[in-house]
Amino acid sequence: MAHRREHRRSAQPGTPYAEALHEFGERVRLVAPDQWDAPTPCADWSVRDLVNHLTSEQLWVPELLMGSTISEVGSRFDGDVLGSDPVGAWTAAAEASRTAFEVPGAAELTVHLSFADVSGQYYLDQLTADAVVHTWDLAEGIRRRTRLPAGLVEYALGEYAGYGDLSGSGLFDPPLPVAADASPQTRLLALTGRRDRP
């Protein structure tokens, strides 16, 4: 996820974070035993690496919403956080992060990210959009359920459309050209340097 950019989309009520977590989790549960080492559209990331990344992101949420800084959390969530039960590790981390954001006032809290202090809403929006795109990455990796829910696609498209060219972050390939009548999912993926399959 690109971090060093202006958050141009105004905070919106009802950010579909829980739905984004659910959709990613559904794909995690579809991973076959022989697919954990399969490649994904994320360069150098296997299916397991991708699930590990999203799981680690969710583990940070309760800590950061409670006011911890990056340095205070330190290396606690570095490396492999999936252990011998990737599905169980993801499920527990996703439940804890979802519950943390459901605490009244969470969106108004100050969160200490690596590049700036931001609002809980900013952090929530960022995590949600990231989960949507990585759900497609995971689905591609396991070749299952690559069509994403329309509402999540529209939400993430609204987020990413305001970011500009994300390739300068080093985390994304350059945006890809798309036809004027391209679907919202194709346009979303193209903004993040990904090519949708027909």
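Residues numbered from 1 in each chain as written. Predicted model: local features only at pLDDT ≥ 70, side-chain atom pairs only at ≥ 80, totals over all residues. Heavy atoms only, no water.

A. Focus on helix 7 (residues 184-191). Every buried residue of helix 7 is listed here: Gln185, Leu188, Leu189 and Ala190. On its buried face, helix 7 sits against helix 5 (120-142) and helix 6 (150-160). One or two residues past the end of helix 7 sits Gly193, with phi positive at roughly 75 degrees. (Buried < 20%, exposed > 50% of the residue type's maximum accessible area, 1.4 Å probe, protein only. Helix = DSSP H or I, 4+ residues; strand = E, 2+ residues; numbered from the N terminus. Contact = heavy atoms within 4.5 Å.)

B. Structural detail: the packing of helix 5 against helix 6. Contact geometry for helix 5 and helix 6: axes closest at 9 Å, N-to-C directions at 120 degrees. With respect to helix 6, the axis of helix 5 lies oblique. For the pair helix 5 and helix 6, the crossing hand works out as left-handed. Seen from helix 5, the contacting residues are Asp125, Gln126, Thr128, Ala129, Asp130, Val132 and Val133; seen from helix 6, they are Leu152, Tyr155, Ala156, Glu159 and Tyr160. Across the contact of helix 5 with helix 6, the residue classes break down as 7 nonpolar, 2 polar and 3 charged. (Axes fitted to C-alpha atoms, helices over the stretch in contact; angles between N-to-C directions. Parallel < 35°, antiparallel > 145°, perpendicular 65-115°, else oblique. Left-handed = near helix turned anticlockwise from the far one by under 90°. Nonpolar A, V, L, I, M, F, W, Y, C, P; charged D, E, K, R; others polar.)

C. Representation of the nonpolar core in the model. Val51, Phe101, Tyr123, Leu138 and Tyr160 are the most contacted members of the largest nonpolar core, which has 52 residues in total. If you list the elements that add at least two residues to this core, you get helix 1 (17-28), helix 2 (47-65), helix 4 (86-101), helix 5, helix 6 and helix 7. Broken down by element, this core gets its largest block of residues, 11 residues, from helix 5. The contact partners of Tyr123, leaving out residues within four places of it in the chain, are Glu57, Trp60, Val61, Leu64, Leu65, Phe101, Val111 and Leu113. (Core = buried A, V, L, I, M, F, W, Y, C linked by side-chain atoms within 4.5 Å.)

D. Focus on the pattern of salt bridges. Counting across every chain of the model gives 12 salt bridges. Linking Glu95 and Arg98 is a salt bridge whose minimum nitrogen-to-oxygen distance equals 2.6 Å. Of this pair, Glu95 and Arg98 both sit in helix 4, separated by 3 residues, roughly a single helical turn. Residue classification places Arg98 among the partly exposed residues on the basis of a relative accessible area of 23%. (Salt bridge = Lys/Arg side-chain N within 4 Å of Asp/Glu carboxyl O.)

Geometric descriptors of this kind do not, in isolation, establish any biological role.
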